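So you can see what is in the structure, the chains are spelled out below.
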Amino acid sequence: MKYFTTTSKASRRSVDCVIVGVYNRGKLGAGATDVDAASKGQLLKLIKSGDVSSQAGACTVLPGVAGVKADRVAVVGLGKSGAVSASTFRKATAAAIRSLADTKTRSILNTLTLESVKGCDAYYLARHSVESIGDALYRFEQMKSGRKKPPMPLSMIGHSIAKRGDAAKTTRGADHGDAIANGVAVAKDLGNLPSNVCTPSYLARAAKKMASGNGKLTTQILNEAEMKRLGMGSLLSVTAGAIEPAKMIVMKYKGGGKDQPVVLVGKGVTFDTGGISLKPGAGMDEMKFDMCGAASVIGTMAAIARMKLPVNLTVVVPAVVNMPAGDATNPGDIVKSMSGQTIEVLNTDAEGRLILCDALTYSRRFKPAAIIDVATLTGACVVALGHHRCAIYSNNDALRDEVFAAGNSAEDLGWPMPLGEQYNAQLKSNFADMANIGGPGGGSVTAACFLERFTDGMNWAHLDIAGVAWKSGAQKGATGRPVSLLSEFVLSRAGALP
Ligand code: BES
Ligand code: MN
Ligand code: ZN
């Protein structure tokens, strides 16, 4: 994709499509004002007649508008006038792209970057524009046979700026947006692949492939024998019933000299049947998404490596399949984690924490400046926060605030959640150092408390992404979240934000 910035008027630029915004009550955005003037009032006429809607999320494509150089104008609704939110800006941009999906549009000019958007400067406007376009263009068709509909041939995206002084920020925002959109697509692809393709070994190969050809990126894979030698009894208890071998994937990006790395740990359960504590059948197919934490940290690595940021980033992915079998772990079994702490496995379906705890202990050797694990960890998190925000836990208030702020800036939202001794008490076991479940109340919190027991002395945060990593129903598919949040966090640590 190529990007450009321009101060020229919406009507004067020869592109295949220009995107303009309109507000309720016939108020026109900057690009729309120009299109209306150039077309001698056509646009306002169409709004008055009801042919063009100003409702947020609506889009009307007008081909061959008189007086306008572009082949077509995509008019998107921005809702109530006044500052629009970043979310509305992203939805409007994506709506335009979806309306153009069947056209031969190769170049667009997005004039929405001229609007005033809450909390966004030129950098974030361009980044949101490019990220939301990438999101809208994404298709997953590699498992379908036969002739596939050719994708929209978009290859050039322009952004309108009011003054030349905004050009540098806009260009940087588009570049970062491009890398992040690519990382989101990587995460979506891995997430959407079925479990008979996307096995732990497949994830390991994908990570290896990403590193080949990038001098700053290396990938190392630990096999089960090596994990056994390291004492990862907790992780290995999850894979005991599986035929597919477990892998521990370690990716290192070195752009920051001798700095301590940011470490991202992603839950990589390529399929979660629940194990002997078998899940009910309905909707079980969606447990192929139980590696979306892994997909998101690998996607973030792709984004950061592409941006060539001056940071050190390490990604750790414990990858397993959770299966029932004759040699699977039974409820009541007691396992020893790499940290030495023993765990009574009261429910084999609470497996995410069992692989993450050993990955966290293993990650100590990297002396992380901060360590963030990302996991589709609990159904309880979906009950608590729904599908809009992920849960943020941390043993460090400043880190928790930093992660929360990164989510807000990236429009990839989280919400701070508690830890504490009351919740911790729920993990008491009569037979081992702890149980792997904490009873019916506060399931996302007690899962986080479990992980916290393996993070002594590290700056640790945990994201429970169970509600945000994929969509169900007609739009079923991985979202690529929270690649944007994580990329923003690393960008900020790298001092690469304007
Ligand atoms: N991968 C699931 C969590 C999950 C379930 C995410 C549904 C999204 C939708 C996790 O491994 C799990 O099964 N958790 C159990 C924990 C329970 C046994 C304490 C759960 O949430 O039911
Ligand atoms: Mn489970
Ligand atoms: Zn799971």
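The structure contained in this document is the topic of the report that follows. All residue numbers here refer to positions counted from 1 along the written sequence of the relevant chain. Here every chain gets a letter starting at A, and every ligand a number starting at 1, in the order they are written. It should be noted that, the model being predicted, local features are given only for residues of pLDDT at least 70 and side-chain atom pairs only at 80 or more, the latter also being counted only at that level, while totals for whole chains, interfaces and linings use all residues. Hydrogens and waters are ignored; side-chain quantities use all the structure's heavy atoms.

Of the protein atoms, only Asp 272 (OD), Asp 349 (O), Asp 349 (OD) and Glu 351 (OE) coordinate the manganese ion (ligand 2), at distances of 2.0 to 2.2 Å. As a rule, N, O and S atoms within 2.8 Å of a metal are its donors, except that Na, K and Ca use 3.2 Å; water is not among the atoms, so sites may look incomplete. Here the donor residues of the manganese ion (ligand 2) share one chain and are spaced in sequence as D-x76-D-x1-E. A spacing of 3.2 Å is found between the manganese ion (ligand 2) and the zinc ion (ligand 3), which share Asp 272 as a donor. Placement of Asp 272 in strand β10 (residues 268-272) and of Asp 349 in the loop between β13 (342-345) and α10 (352-363) is noted, with a sequence separation of 77 residues between them. Helical segments are the DSSP runs of H or I of at least four residues, strand segments are the runs of E of at least two, and each set is numbered from the N terminus.

With that settled, the discussion passes to the packing of aromatic side chains. Any two of the Phe, Tyr and Trp rings considered here, Trp counted by its six-membered ring, make a pair once their centres fall within 6.5 Å; the pair's planes then place it as stacked at under 30 degrees, edge-to-face at over 60, or tilted in between. Under the definition given, this model contains 5 aromatic pairs. Residues Phe 289 and Trp 470 carry aromatic rings whose centres are separated by 5.1 Å and whose planes lie at 20° to one another, so their mutual orientation is stacked. Taken together, the residues span a long stretch of sequence, with Phe 289 in the loop between β10 and α9 (292-307) and Trp 470 in strand β19 (residues 470-471) at a distance of 181 residues. Relative accessibility under 20% of the residue-type maximum defines a buried residue, over 50% an exposed one, and the middle range a partly exposed one, all with a 1.4 Å probe and only protein chains included. A relative accessible area of 1% means that Phe 289 is categorised as buried. Exposure remark for Trp 470: the relative accessible area of 11% places this residue in the buried category. Geometrically, the ring pair formed by Tyr 362 and Phe 366 is edge-to-face, given 5.9 Å between the ring centres and 80° between the ring planes. The two residues Tyr 362 and Phe 366 agree in class, both being buried.

This brings us to the coordination of the zinc ion (ligand 3). The coordination sphere of the zinc ion (ligand 3) contains the protein donors Lys 267 (NZ), Asp 272 (OD), Asp 290 (OD) and Glu 351 (OE), at a distance range of 2.0 to 2.4 Å. Considering all 6 donor atoms around the zinc ion (ligand 3), the spread of angles at the metal, 78 to 176°, places the coordination shape in the octahedral class. Expressed as a motif, the donor residue spacing for the zinc ion (ligand 3) is K-x4-D-x17-D-x60-E. Four donors are marked tetrahedral only if all angles between them lie between 85 and 135 degrees, whereas four are marked square planar and six octahedral if opposite donors are more than 155 degrees apart and the other angles lie between 65 and 115; the remainder are marked irregular.

Attention now goes to the side chain of Thr 93. Tracing the sequence through the fold places Thr 93 in helix α3 (residues 86-99). Residue classification places Thr 93 among the buried positions, given a relative accessible area of 0%. Whether two residues are in contact is decided by their heavy atoms: any pair within 4.5 Å suffices. If we ignore the near neighbours within four places in the chain, the residues touching Thr 93 are Asn 110, Leu 112, Ser 129, Ser 132 and Ile 133.

The next thing to look at is the sheet that holds strand β12 (residues 333-336). Whether two strands pair depends on DSSP finding at least two bridges between them. The strand order β12-β13-β17 describes an open sheet built from 3 strands, whose pairing is mixed. Each edge of the open sheet is held by one strand with a lone partner, namely β12 and β17 (434-435).

Right, let's get into the nonpolar core. In this structure, Ile 108, Leu 203, Leu 309, Ile 372, Val 403, Leu 463 and Phe 489 are the most contacted members of the largest nonpolar core, which totals 89 residues. Dropping the residues within four chain positions of it, Ile 372 is found in contact with Val 263, Leu 264, Val 265, Val 403, Ala 461, Leu 463, Leu 486 and Phe 489. Definition of nonpolar core: a set of buried residues of the types Ala, Val, Leu, Ile, Met, Phe, Trp, Tyr and Cys, connected through side-chain atoms within 4.5 Å. Met 232, Tyr 362, Phe 366 and Ala 466 belong to the second-largest nonpolar core, a separate cluster that totals 47 residues.

Along an α-helix, a turn takes 3.6 residues, which lines up residues three or four apart on a common side. When you tally the buried positions in helix α15 (residues 483-493), you get 9 out of 11 residues, the bulk of the element. Among all positions in α15, only Val 483, Ser 484, Leu 485, Leu 486, Ser 487, Glu 488, Phe 489, Val 490 and Leu 491 are buried. Downstream of α15 by one or two residues, Gly 495 has phi in the positive range, about 65°.

Right, let's get into the environment of Ser 54. Its location among the elements puts Ser 54 in the loop between α2 (42-48) and β3 (59-63). Separated by 26 residues in sequence, Ser 54 and Leu 28 have C-alpha atoms that sit 9.3 Å apart. If we skip the residues at most four places from it in the chain, Ser 54 touches Val 22, Tyr 23, Asn 24, Gly 77, Leu 78 and Gly 79.

Close to ligand 1 lie 16 residues; Lys 279, Asp 290, Asp 349, Glu 351 and Gly 379 are nearest. The term polar contact refers here to a pair of N or O atoms within 3.5 Å; inside protein, the definition further demands a hydrogen-donor-capable atom paired with an acceptor-capable atom, and it admits residues adjacent in sequence only when both atoms are side-chain atoms. Residue Asp 349 places a side-chain N or O atom 2.8 Å away from an oxygen atom belonging to ligand 1. The separation between a nitrogen atom of ligand 1 and a polar main-chain atom of Leu 377 is 3.5 Å. Residue burial considers only the protein chains on display, and all accessible areas are found by Shrake-Rupley using a 1.4 Å probe. Coverage of ligand 1 by the protein chains reaches 76% of its 520 Å² of free accessible surface. Gly is put with the polar residues, along with every residue not named as nonpolar or charged; the nonpolar set is Ala, Val, Leu, Ile, Met, Phe, Trp, Tyr, Cys and Pro, and the charged set is Asp, Glu, Lys and Arg. Residues that form the shell around ligand 1 fall into these classes: 5 nonpolar, 4 polar and 7 charged. Near is defined per residue: the residue qualifies when any heavy atom it owns lies within 4 Å of the molecule or strand.

Both faces of the sheet carry side chains from a regular strand, because those side chains alternate between them. Most of strand β18 (residues 460-464) is tucked away: 5 of the 5 residues are buried. Sheet topology note: the strand β14 (residues 370-375)/β18 ladder contains 5 bridges and is parallel. Within β18, the residue paired with Ala 375 across the bridge is Asp 464. Across 4 bridges, strand β15 (residues 390-394) lies against β18 in antiparallel orientation. Within β18, the residue paired with Ile 392 across the bridge is Leu 463.

Turning to the packing of helix α12 (residues 397-410) against α15, a few remarks are in order. Fitting a line to C-alpha atoms yields each axis, with helices limited to the stretch in contact; the angle taken between N-to-C directions then spans 0 to 180 degrees. Direction vectors running N to C along α12 and α15 enclose 115°, while the axes themselves pass 8 Å from each other. When you trace α12 past α15, the crossing you get is right-handed. For the pair α12 and α15, the contacting residues are Leu 399, Glu 402, Val 403, Ala 406, Gly 407, Ser 409 and Ala 410 in the first and Ser 484, Leu 485, Glu 488, Phe 489 and Arg 493 in the second. When grouped by side-chain class, the residues that make up the contact of α12 with α15 number 6 nonpolar, 3 polar and 3 charged. Two helices that cross are described as forming a left-handed crossing if the nearer one is turned anticlockwise from the farther one by less than a right angle, and a right-handed crossing if clockwise.

Each reported salt bridge corresponds to a side-chain nitrogen of Lys or Arg within 4 Å of a carboxyl oxygen of Asp or Glu. Summed over all chains, the structure comprises 17 salt bridges. Glu 131 is the partner of Arg 90 in a salt bridge, and the nearest nitrogen-oxygen pair spans 3.3 Å. On the criterion of sequence distance, the pair formed by Arg 90 in helix α3 and Glu 131 in helix α4 (residues 122-137) is long-range, its members being 41 residues apart. In terms of burial, Arg 90 and Glu 131 fall into one category: buried. Lys 476 is the partner of Asp 285 in a salt bridge, and the nearest nitrogen-oxygen pair spans 2.7 Å. Of the two residues, Asp 285 sits in the loop between β10 and α9 while Lys 476 sits in the loop between β19 and β20 (477-478), which places them 191 residues apart along the sequence. Asp 285 sits in the partly exposed class, given a relative accessible area of 39%. The class for Lys 476 is partly exposed, based on a relative accessible area of 43%. In the salt-bridge network here, residues are joined through shared partners; they are Arg 90, Arg 127, Glu 131 and Glu 488.

Here we come to unusual backbone geometry. Arg 481 connects to Pro 482 through a cis peptide bond whose omega is 0°. Topologically, Pro 482 is positioned in the loop between β20 and α15. The backbone of Lys 308 shows a phi angle near 50°, a positive value even though the residue is not glycine. Mapped onto the elements of the fold, Lys 308 is located in the loop between α9 and β11 (312-322). The exposure class assigned to Lys 308 is exposed, which follows from its relative accessible area of 63%. With phi around 55°, Glu 411 is a residue other than glycine that occupies positive phi space.

Function cannot be read off these values alone, since they describe shape.
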